[in-house]
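Structure assessment
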Amino acid sequence: MNTGIGDASDIIGILVSVIITAALLIWVERRLLAVWQDRLGPNRVGPMGLMQVVADMIKMFFKEDWIPPFSDKLVFVLAPTIVFITMLTGFAVIPFAPGVGIIDFNFGLLYFLALSSLSVYSIVLAGYASNNKYSLLGGLRAAAQTVSYEVFMGISIMGVVMLSGTFNLREIVEAQRDGWFIIPQFFGFIIFLIAVIAESRRGPLDLPEAEQELVGGFHTEYSGMKFGMFFVGEYVAITLSSAIIVTLFFGGWLGPSWLPPLVWFCLKTAVGIVFFILLRGALPRPRYDQLMTFGWKVLLPAGLLNLLVTGAVVLSLHGT
Amino acid sequence: MKVHADNIAIPSGITREISERLKINDYTLQPTCDGITTIWSTRENLRVILLYLKLQATPPYGLLFDLTAVDERERIHRHGLPESAFTVVYHLLSFARNEDIRLKIALNDAQLSLPTISDIWPSANWYEREVWDMFGIVFEGHPHLRRIIMPPTWQGHPLRKDHYARATEMEPFSLPEERQEIEQDALRFVPEDWGMRRHGKDSDFMFLNMGPNHPSVHGAFRIALQLDGEEIIDALPDIGYHHRGAEKMGERQSWHTYIPYTDRVDYLGGSMNNLPYVLAVEQLAGIKVPERAKAIRVMISELYRLASHLLFYGTYAQDVGQMSPIFYMFIDREKVFDILESISGARMHSSYFRIGGVALDLPRGWDIRIREFIDYLPARLDQYDKMVMQNSTLKRRTQGVGAYTTAEAIEWSATGAGLRATGLAWDYRKARPYSGYENYDFEIPTGNRGDCYERCVVRVEEMRQSLRIIKQCLDNMPTGPYKANHPLTTPPPKERTLHDIETLIQHFLNVSWGPVIPAGETCITIEATKGLNAYYLTSDGGTMSYRTRIRTPSFPHLQMIPVMSRGMMVADLIAILASIDFVMADVDR
C-alpha cells in the first residue's frame, strides 16, 4: 500500500523542521564537543550561544561565492545540491509516528538505501569538478568507501527485513511491538551503525574529508553557501541516519504511552545524533586501506553470518 | 689580548691513530675551550680521514653531528691556525667512545670547493647544501647542490661576512612583473630536477604539493610527493620558509641581547634553548655558575620539556584523527605555563637564563604550584595512556609505520627520542651531564622497533622522568646566589658600583656595549626537547659573536622523511610527520 499520508502542509512542516534541526545541530555539535573537551564552545551570540547558528548562516550567505576558474563549473555548482537533496528526500519515508509522515511506501527501506548511495555522487563529483588534487583524492576515497560500505549496509539490515517480513518502514516499526530488533539483531545493528557512519562520512570515518591529510578533501575548494550545503547536508545525513537506526532497531515511535509517539521518536533520534557526535569526539581515524580491509574481511563475513543465522532461526520458528 | 683557549690541554688518542695508521702527519691541532679534538687537515686528506673515522676506527665515529663553515676573512685572533679564508668544519660524534672529533679544512678564496661526503653520510646531503647556500662553497660530486634555505633566486651567500645583514643596507624592495614571473617560475616543482620520473611502469604518477600551508606540516614546510594512487613513491622535503637568519643575527647582537633569539629557535622549548647558548658563552668567558642557578636551569628546562612533549602528544593524536586529546593536553600545558609565568614573568619564551645564571631568583612560594602540578600530572598521563596509546585504531595507524633501525638513525644523524625509540639508550644528560644533571636520578626510556608509535611511547615516558627530575629539584634546591659573581655576567654585578670607579666603569661598559668575551671556540650540546641541540660559538674577542652556529635536531630529522615514507600511504606520512616532533623554526633557524 503505497499511500501518501501527509498533505502539503505536512510536507512543508517536516521539511522545515528537518532543516532547522540540521542547522541547530551545528551549534549542538560544537557545544557538546566543547563540553567533552573541557572547553566552552560558542556561548557569546544570543542565549547560550544559540544565535551562533544564525550568525553562521548570515556569514555563509554573504560570503563571496567563489568558483575556481580551473574547475568544471556546472558540476562544481551542482555537486553540493545533490547531497542536500538526496538526504532531504530520504525523509519522505521516515515513519515519524502513526499518521505523521509523507508517504507510506512498501519499499521504504530500499528507497533509503538508494538515496544514501546516490549521495556519494555529490562527493565524487565535487572532488572531480574542483580540479584540485586533494579534492580528487577525497573523491576517490569517498567512492571506494561508500561503494564498499553500501554492501555491508544492505546485508546488515536484511536480518531486520527477515524478522519483520517487509521493507515497509511503518510495518517494521509495528513488528517491534514485542521487542526492539536491537536485541535479536545486535550484530546487524553494529554493522549497520559502522556502515552508516562510513556512508555519511562522519568522523572517525571522515576519510574523504580528513582535514589533517587532505585539508578538507572534496570540499577544499568550496566556500560560501555551496560549502554550507555540504555542511548542513552532513547534519541532515546524521539526522536521517539516526532516524533510520531508531526505526529499524529501536522501535521507532513505540514507547510507554505517557509520551506521544512523535516525541518518543524524536527523543530516540536525538540520542542517536548525540551518539554520533560522541563517536566523532572520541575515536581516531583509521587509514584508508585499513578501513577497506576491515569492511571486506570483517564486516562482510559478519554480516553474511548474521544473515544466515537469522534466516535459520526465522525458518525454524515459523518454518513451513 | 691573550687567547683563552691556549690553556686547554689537547687529547691525543685519535690523533695519534690518524698519524700512525693513515700516515697523515701534515695536520695542525687546535686547542678549543670545549676540549673536543680539533684537527686542521687538507682537502686531499678529508675523505681519507672521515672514512677512517667512520668505518675503521674502533669504536667508530658513527654520527655526523654537524657540518658547517666559518668565514675567517675578518677574524683577528687566529693565533697558530693555518691560513684560511673559509673553513669547513666537520663534527663527528662517537657513542661508544662518548667522544667527539672536529675536522677542519682550510679553503682559500681561489678554490672554494671540497669533495662531497654525502656518499659517506647520507645526512651530509642537506648540510652540504646549506654550506653551499650560506657560504658558496662547492661540494664536488654532490647529487643536488642547490639552495636549501634561501629562495632559489637569491643572490649572494648570506653568512659571508661581506653579505649585508639588514634590510636597511639594501636597495628598497620592489617586485616588477618580470621579476615576479621569475620568482614564481623558480617555485615550480620540476620532478626531473630531482631525478623523479613522471611515468611508472603501468601508471602515470601524480605530484602532490603538500604545504607550505597544510594543517599537518606543523609550520611553513613543503613536501613534494610523488604518488601512485595514494602510495608514496618518493617525497621531497622543501625547507627554508621559516628562515629568519638566526645565525646571522648572532653576529650582529651582543652576547647578552642574543639570548631572546635563542628562545625562538625551537619555539616550543622556550628557555631550554637558552641553555646551550649561555653554557657556551660561560665556557668561553670562564664563568663558574653557582649551584642554585644550575638547579633552577635544570628545573625550568624540564618544565619546558614537559610543555613541548605535551603539545607533541596532543598533535600526534590529532594528526591521526583523534580530535579530543589535544584539548586535555593543552590544559596541562597551560598549567606548566602558569608555573613558568609565576617564576619568570613570561610563558612560552621566557628568556629566563642569563650569562652566569638566571634573570631573577625564584619568587617566594615558588614551589607550591610546582608541587601541585607534579601531584596532578601522573594521573592525567595514565588517563592519556588509556585514551591515546592503548587505542587500537591509533596503534594500527602508527605501529610499524615510519620505522628505522639504530644504524639507519645514526647514518641520518637522528638524535633524541627518535634515536632512543630504536633501542639505543643514549641521552646527553646521562652520557655527558651538563648543568648538574649528574646529580639527578632518572632513567632513559627506550623502544626497540623505532616506529611512529614507539617514538611517542618514549616521549610519554620522558615526561614521567621529567617529573621525577623536577621533584628532585624541589626537594634539593640549593641555597645561595642565582648568578655568578663574575664581571662578564649579564647584567653585571651592581653591588659595588657606587663604591669604586673600576666596578662602575665595568658595569657601564657591560650594560651599554655588552660583555667582551675572550676569543676562543666552543661547542656545547644539550639534550633538547627534540634531540641534540648545540651552539658552536666562535668569539673573536668582541662584544658580539664572530660566528654562531646552531645545530638543531629537527634539521636532519626532516631529511629522513623520504626514507621513512617511501611505499607508505599519504595518511602514514601524516603519522610520520607527527611522530618526528619538529618545528620549522628549529629546522630553518
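Just so you know, these numbers come straight off a predicted model, no measurement behind them.

Quick look at the overall build of chain B
Helices and strands together make up the secondary structure of chain B, namely 20 helices and 15 strands. For chain B, whose C-alpha radius of gyration is 24 Å, the value lies close to the compact-globule estimate of 25 Å for 589 residues. Across its three principal axes, chain B shows a C-alpha extent of roughly 85 × 65 × 60 Å. A burial count over chain B gives 61% of its 589 residues as buried. For chain B, long-range pairs separated by at least 24 residues make up 70% of all intrachain contacts whose partners lie at least 6 apart in sequence. As displayed, chain B offers around 22300 Å² of accessible surface, 52% of which is attributable to carbon and sulfur atoms. In chain B, 65 positive and 75 negative side-chain charges are present, and the distance between their average locations comes to 3 Å.

What about the environment of V124 of chain A?
Residues and elements named next belong to chain A. Structurally, V124 is set in helix α4 (residues 108-129). V124 sits 18 residues away from A142 along the chain, and the two C-alpha atoms are 6.5 Å apart. Not counting residues up to four positions away in its chain, the partners in contact with V124 are G139 and A143.

Overview of the sheet that holds strand β10 (residues 231-238) of chain B
All names here are of chain B. Taken together, 3 strands build an open sheet; the order of strands is β8-β9-β10 and the sheet is antiparallel. Because the sheet does not close on itself, it has two edges, and the strands there are β8 (206-210) and β10. Ignoring strand direction, the axes of neighbouring strands in this sheet form an average angle of 20°. Note that strand β9 (residues 222-228) and β10 share 7 bridges and pair antiparallel. Each residue of the ladder has a partner; that of L227, found in β10, is I232. Helix α19 (residues 570-580) contacts β8, β9 and β10 of the sheet and is inclined by roughly 150° relative to β9.

So, the sheet that holds strand β5 (residues 99-107) of chain B
All names here are of chain B. The strand order across the open sheet built from 5 strands is β1-β2-β5-β4-β3, with neighbouring strands paired in mixed fashion. Each edge of the sheet is formed by a strand with only one pairing partner; in this case those strands are β1 (28-30) and β3 (63-71). Ignoring which end each strand starts from, the neighbouring axes of this sheet average 25° apart. As judged from the 3 bridges shared by β1 and strand β2 (residues 37-41), these two strands associate in the antiparallel manner. Residue pairing across strands places Q30 opposite T38, the latter belonging to β2. In the packing of helix α1 (residues 13-22) onto the sheet, contacts are made with β1, β2 and β5, and the angle to β2 comes to roughly 30°.

What about the domain arrangement of chain B?
Residue and element names in this part refer to chain B. Assigned domains of chain B: these are domain 1 (2-140) and domain 2 (253-552). The straight-line distance from the C-alpha centre of domain 1 to that of domain 2 is 28 Å. Taken together, the contact between domain 1 and domain 2 spans 41 residues of the former and 29 residues of the latter. Summing the contributions of domain 1 and of domain 2, the shared interface buries around 2800 Å²; its carbon and sulfur component is 53%. Summed over the shared surface of domain 1 and domain 2, the number is 6 salt bridges. Put simply, R549 and D66 hold a salt bridge, and the shortest N to O gap is 2.7 Å. Remark: the boundary between domain 1 and domain 2 carries 22 residue pairs in polar contact (both at pLDDT 80 or more). When residues of the side of domain 1 that touches domain 2 are traced back to their parent elements, those giving at least two are β3, β4 (86-94), β5 and α3 (124-135). Element by element, the count of residues in the side of domain 1 that touches domain 2 is highest for β3, at 9 residues. Among the residues making up the side of domain 1 that touches domain 2, the classes are represented as 18 nonpolar, 10 polar and 13 charged.

Focus on the pairing of β5 of chain B
Residues and elements named next belong to chain B. Of all 9 residues that make up β5, 7 are buried, and the element is covered over most of its length. Examined bridge by bridge, β2 and β5 share 5 bridges and lie parallel to one another. Directly across from T37, in β5, lies its bridge partner I101. Of the pairings in the sheet, the one linking β4 to β5 comprises 9 bridges and is antiparallel in character. Bridge pairing in β5 links S94 to E99.

Description of the interface of chain B and chain A
Interface size is commonly expressed as the accessible surface area that is lost when the partners come together. Contacts between the two partners involve 32 residues from chain B, matched on the other side by 24 residues from chain A. Between chain B and chain A lies a buried interface of about 2500 Å² when both sides are counted; carbon and sulfur atoms form 59% of it. If you sort the residues of chain B by the area they bury against chain A, E230, M323 and F327 of chain B come out on top, with a joint share of 21%. Taken together, the connections running from chain B to chain A amount to 2 salt bridges. Here R141 of chain A ties to E230 of chain B by a salt bridge, and the two come within 2.5 Å at their closest N and O atoms. The tally of links from chain B across to chain A stands at 11 residue pairs in polar contact (both at pLDDT 80 or more).

What counts and what doesn't
- Residues numbered from 1 in each chain as written.
- Chains lettered and ligands numbered in written order.
- Predicted model: local features only at pLDDT ≥ 70, side-chain atom pairs only at ≥ 80, totals over all residues.
- Heavy atoms only, no water.
- Helix = DSSP H or I, 4+ residues; strand = E, 2+ residues; numbered from the N terminus.
- Rg over C-alpha atoms; globule rule 2.2 N^0.38 Å.
- Buried < 20%, exposed > 50% of the residue type's maximum accessible area, 1.4 Å probe, protein only.
- Contact = heavy atoms within 4.5 Å.
- Areas by Shrake-Rupley, 256 points an atom, 1.4 Å probe, with all protein chains shown as cover.
- Lys, Arg positive; Asp, Glu negative; His and termini not counted.
- Charge placed at Lys NZ, Arg CZ, Asp CG, Glu CD.
- Pairing = 2+ DSSP bridges.
- Axes fitted to C-alpha atoms, helices over the stretch in contact; angles between N-to-C directions.
- Domains from an automatic or database assignment.
- Buried area = accessible area lost by both parts, 1.4 Å probe.
- Salt bridge = Lys/Arg side-chain N within 4 Å of Asp/Glu carboxyl O.
- Polar contact = N/O pair within 3.5 Å; in protein donor to acceptor, adjacent residues only side chain to side chain.
- Nonpolar A, V, L, I, M, F, W, Y, C, P; charged D, E, K, R; others polar.

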